[in-house]
Amino acid sequence: MITRRVVLTGLTASVAVAGMSSRLAAANRLAVVATTGMIADTARRVGGDLVDVRALMGPGVDPHGYRQTRSDIVAMTRADLVLWHGLYLEAQMEAFFADLARSRQVVAVAEDLPRDLLLSHADYDGRFDPHVWMDPSIWTHVVTRIEQALTEALPESADTFAANAAAFRTELSALADYAFRVLEDVPLERRVLLTAHDAFGYFGKAYGFEVIGIQGISTESEAGLSRVSELVNLLVSRDIGAVFVETSVSDRNIRALIEGAASQGHDVSIGGALFSDAMGQDGTYEGTYLGMIDHNVTTIARALGAEAPERGRLGQLAAGS
Ligand code: ZN
């Protein structure tokens, strides 16, 4: 009888301890706020169970003109760590982050990339093209920067962050290999990527595509009528058969281009919708960094005449995407 009671007491005690430690773990999670979905997903991959990450900009949200909402401000002032992109992507929030950095750990994850990896752009005098997520091999540097920021915030978990970051970088390298393999199959004369705005410069550089955006590097600039008619002439003269819309930018200009080309007797189709500055829906494969890039690569390759698997690198893309 006595023995049994001891066993029961011991069991109750260990259940209580386990319950307490899981509550402690939840309370001890690092509260991280990230601006874009790409940064948030990367922070989740590197932070694993040790972080709670909130993305300010959801699917379809354009970062160039985004301004913080009241609930964003509340989340950021309560966060342990705030991650933003930098390189003038969040143009309307720069002053806010400079201010916030006085009281919070605030890190611009792309700001310190090696300068030789960055592209300049005629529209952006004295600045670099911010769309670095389009090349997974450049994004590996951002993974490392996020690993450093998390480690600084929670030094006792350095080993976990290092292991998670290494595993994610390995996946990025497999993704880059897939992209090279399927895009290499696009005939040379078809390697022209015409999209709503200039988000694909790093993609073009990595995979040997000429990229043309109707709007410039920021969606804040308006495309003039002369720009549209110049591009209609280019579509016709170079016999370009497919152009692409972007999920975070209006398709108005792309449709004007297609109509313009049609009026000159040249048929152009929409090659698909690409994720330029925002990922797909939360909870889907396209709503992750890996899925977003897989979708873009697979869609571009197939629309421009290459043989890429319909469901992408891992067979996980939504059917017909
Ligand atoms: Zn953009």
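Please read these numbers as outputs of a predicted model, since none were measured by experiment. (Residues numbered from 1 in each chain as written. Predicted model: local features only at pLDDT ≥ 70, side-chain atom pairs only at ≥ 80, totals over all residues.)

## What about the overall build of the protein?
Basically, it comes down to this: Counting from the N terminus, the helices are the DSSP runs of H or I reaching at least four residues and the strands are the DSSP runs of E reaching at least two. Once C-beta atoms are placed from the backbone, each residue is buried if 20 or more other C-beta atoms lie within 10 Å of its own, exposed if 12 or fewer, and partly exposed for counts between those two. In this description, any two residues whose backbone-derived C-beta atoms lie within 7 Å of each other are considered to be in contact.
Each helix and strand counted, the protein has 10 helices and eight strands in total. Per-residue burial for the protein yields a buried fraction of 42% across its 321 residues. Long-range pairs, those at least 24 residues apart, make up 66% of the contacts in the protein with a sequence separation of at least 6.

## Some remarks on the packing of helix α2 (residues 37–47) against helix α6 (residues 158–183)
Going by this rule: For helices, the fitted axis covers only the stretch in contact; all axes are lines through C-alpha atoms, and the angles between them, taken along N-to-C directions, range from 0 to 180 degrees. Relative orientations are named as follows: roughly parallel for angles under 35 degrees, roughly antiparallel for angles over 145 degrees, roughly perpendicular for angles from 65 to 115 degrees, and oblique for any other angle.
One can describe the packing of α2 onto α6 by two numbers: an axis separation of 7 Å at closest approach and a directional angle of 125°. By the angle between their axes, α2 is oblique relative to α6. Every residue of α6 that contacts α2 at Arg45, Val46 and Gly47 is listed here: Phe161, Asn164, Ala165 and Phe168.

## Structural notes on the sheet that holds strand β3 (residues 81–84)
Heads up, the rule is: Between any two strands, at least two bridges found by DSSP are needed for them to pair.
Strand order in the open sheet formed by four strands is β2-β1-β3-β4, with parallel pairing between adjacent strands. Bordering the open sheet on either side are β2 (51–55) and β4 (105–108), each of which pairs with just one other strand. Pairs of neighbouring strands in the sheet enclose a mean axial angle of 20°, with direction left out of account. Sheet topology places strand β1 (residues 30–34) next to β2; five bridges connect them, and they run parallel. When the sheet's bridge partners are listed, Ala34 is paired in β2 with Ala55. On the sheet, helix α5 (residues 136–153) packs against β1, β2, β3 and β4 and is oriented at approximately 170° with respect to β3.

## A look at the domain arrangement of the protein
What counts, and what does not: Start and end points for every domain follow an automatic or database-based domain assignment.
Its domain assignment divides the protein into domain 1 (4–179) and domain 2 (183–303). A straight line from the C-alpha centre of domain 1 to that of domain 2 covers 28 Å. Listed as interface residues are 29 residues of domain 1 and, on the opposing side, 32 residues of domain 2. Where the side of domain 1 that touches domain 2 is concerned, the elements lending two or more residues are α2, α5 and α6.

## Here's the deal with the nonpolar core
As a reminder of what qualifies: Any nonpolar core is a set of buried residues, restricted to Ala, Val, Leu, Ile, Met, Phe, Trp, Tyr and Cys, that join up through C-beta atoms within 7 Å.
One finds Val32, Ala34, Ala43, Val82, Leu83 and Ile146 to be the most contacted residues of the largest nonpolar core, which totals 83 residues. Sort the elements by how many residues they give to this core and α6 lands first, with 10 residues. When residues are assigned to domains, this core turns out to be shared by domain 1 (4–179) and domain 2 (183–303), each giving three or more. Excluding anything up to four places from it in sequence, Ala34 contacts Ile39, Ala40, Ala43, Val53, Ala55 and Leu83.

## Let's talk about the pairing of β3
Here β3 shows no split at all, with Leu81 and Leu83 on one side and Val82 and Trp84 on the other all buried. Across three bridges, the pairing between β1 and β3 is parallel. Considered in β3, the bridge of Ala34 is made with Leu83. Pairing geometry for β3 and β4, over four bridges, is parallel. Bridge pairing in β4 links Leu81 to Gln105.

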